[in-house]
Amino acid sequence: MEQIKITFLGDIMCQGPFLTAYGTESGYDFSPVFQEMKKTFSQADLVVGNLETPVTDNSDLTKERYCFCSPKEFAEAAYDAGITCVSTANNHCMDRGRKGISATIRCLDEIGFAHTGVFDRGGRDEKRNPLILSVGGMTIGVMSYTYGTNAFSNHQYLKKEDRYCVNLFQNQELPDPVSRFFFRHRKKIPGVFKKLYRLASPAQAALPVFEKRYPSRARERYLLEDIRAMKEKKPDLIIFCMHSGGQYNEEPNEYTRYLAGLLADQGIPIIIGNHEHVVHGCDLSGIRENRFTAWCLGNFSGLAGVTREPFDKMSEYSVACSLYIGKQDKRIRKVGCRVLKSVPYKDTQGACTVPVYELIQAEAEPEKKRQLMRDMAAVASRFCGRQISETEICEEYVVWEAGSSPLNMNEEKRNPHEHRIN
């Protein structure tokens with residue numbers, strides 16, 4: 001049976017030191033970040049990643065550690081390497097505010113990128129066309145939503161007329177002036193008020209601000225409207241890029257699982273999660289019904305675990321997850337994954353991403369080779385949901401293939417939802 005191959009990547013990041021590492025006399029050359037991945041990308045019919053930064057063609061670039069804005073050349077290098085579609089709804093999409101959204105859309109359109117998640121038109125009465133791609137004779141619908149926009153940190157709040165410029169599962173962080181005041185002055189708030197807050201909302205109080213819940217029934221209704229609008233286009237397959245979770249957690253949190261369950265209930269077959277910065281597993285429990293969820297693919301590019309902490313989370317590793325879809329029956333025929341690693345780029349503060357299989361083949365020092373093999377087996381075991389030996393070295397591991405049975409470790413059961421919105 002003829003198939004198409006769709007490859008998914010984790011968070012594509014361009015942190016501040018990249019600007020120095022890849023600067024040239026005439027601008028920037030980010031091609032080394034992606035150079036070693038060209039062969040992998042060329043083997044896929046569609047490559048989808050999460051662009052974890054606004055991009056611009058002006059000088060308003062990254063100046064702070066956790067507030068990003070990258071040169072247009074970064075996106076150009078990603079596109080030239082073979083990444084063809086990016087999700088743009090993530091917690092950094094508002095790091096340059098409303099104008100950053102406009103700049104990002106303009107730059108991606110000029111490059112030729114397919115993208116979805118943020119929009120220049122923000123009103124619900126202005127129809128936003130669902131992203132439908134033609135891939136190998138199939139039509140693929142792509143959606144992208146985020147849990148938040150780091151508003152508690154970058155202080156960029158959408159105005160009423162612009163609130164739909166970002167696909168959000170819930171309200172932006174600290175959505176009202178009172179919560180912002182208490183967060184800003186949290187070190188000065190008398191202990192009695194903190195104690196009352198912990199008693200009134202123990203679950204919320206225990207969470208860091210970027211994991212607290214800011215529920216909005218309106219936002220969830222809009223999500224369902226967008227899903228219905230996508231279904232009306234009748235694509236052969238719908239892919240949903242879900243940006244949710246905490247920071248370096250080893251498992252998806254309760255809210256992420258809730259969102260995946262909500263999407264599955266609406267008939268979304270493919271859910272690709274990101275944001276945690278480390279590789280999680282995947283859920284194969286619905287694979288025979290043509291459903292698949294990858295909880296988190298890790299950082300495709302970035303400095304975590306390379307030159308910046310944490311150095312104990314394997315955050316320099318990610319996976320490229322590939323789905324092989326039958327052209328005739330539109331069903332998943334195989335799921336594969338390649339283990340990738342971000343490594344230092346020469347003597348700079350930059351990093352480039354390389355398949356670990358190739359690093360192992362090129363490594364001459366026995367102990368370094370053994371460590372790469374151990375790490376590769378650990379990451380592959382986590383994603384595939386089965387124990388993989390360090391001697392089981394593969395360019396691409398088979399997670400599941402038609403005719404086989406899902407493995408027990410992947411047969412996850414979804415928790416009951418707290419509520420439904422019809």
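Right, let's walk through the structure included here. Predicted model, so just to flag it, every value in this text is computed and none were measured. (Residues numbered from 1 in each chain as written. Predicted model: local features only at pLDDT ≥ 70, side-chain atom pairs only at ≥ 80, totals over all residues. Heavy atoms only, no water.)

## Some points on empty space enclosed by the protein
- Applying the stated criterion to the full structure yields 4 cavities of 30 Å³ or more.
- Estimates place the volume of the largest cavity at around 90 Å³.
- Mapped onto the lining of the largest cavity, the elements with two or more residues apiece are β1 (3-12), β2 (46-51), β8 (138-146), β9 (237-243) and β10 (270-274).
- When its residues are assigned to classes, the lining of the largest cavity shows 8 nonpolar, 7 polar and no charged.
- Approximately 60 Å³ is the volume found for the second largest cavity.
- Around the second largest cavity, the lining residues are Leu51, Thr53, Pro54, Thr88, Asn90, Cys93, Ile101, Thr104 and Val118.
- Considering only residue class, the lining of the second largest cavity consists of 5 nonpolar, 4 polar and no charged. (1 Å grid on protein atoms, 1.4 Å probe; cavity = no way out; pocket = protein on both sides within 12 Å on 5 of 7 lines; lining within 4 Å. Points joined across faces, edges and corners; volume = space filled by probe spheres on them. Helix = DSSP H or I, 4+ residues; strand = E, 2+ residues; numbered from the N terminus. Nonpolar A, V, L, I, M, F, W, Y, C, P; charged D, E, K, R; others polar.)

## Some remarks on unusual backbone geometry
- Note that the residue after Glu309, namely Pro310, is joined by a cis bond; omega there is 0°.
- By secondary structure assignment, the location of Pro310 is in the loop between β13 (299-301) and β14 (317-326).
- Positive phi values are uncommon outside glycine, yet Tyr248 reaches one of about 65°.
- Along the polypeptide, Tyr248 turns up in the loop between β9 and α11 (254-265).
- One non-glycine residue, His277, lies in positive phi territory at about 75°.
- The exposure class assigned to His277 is buried, which follows from its relative accessible area of 7%. (Buried < 20%, exposed > 50% of the residue type's maximum accessible area, 1.4 Å probe, protein only.)

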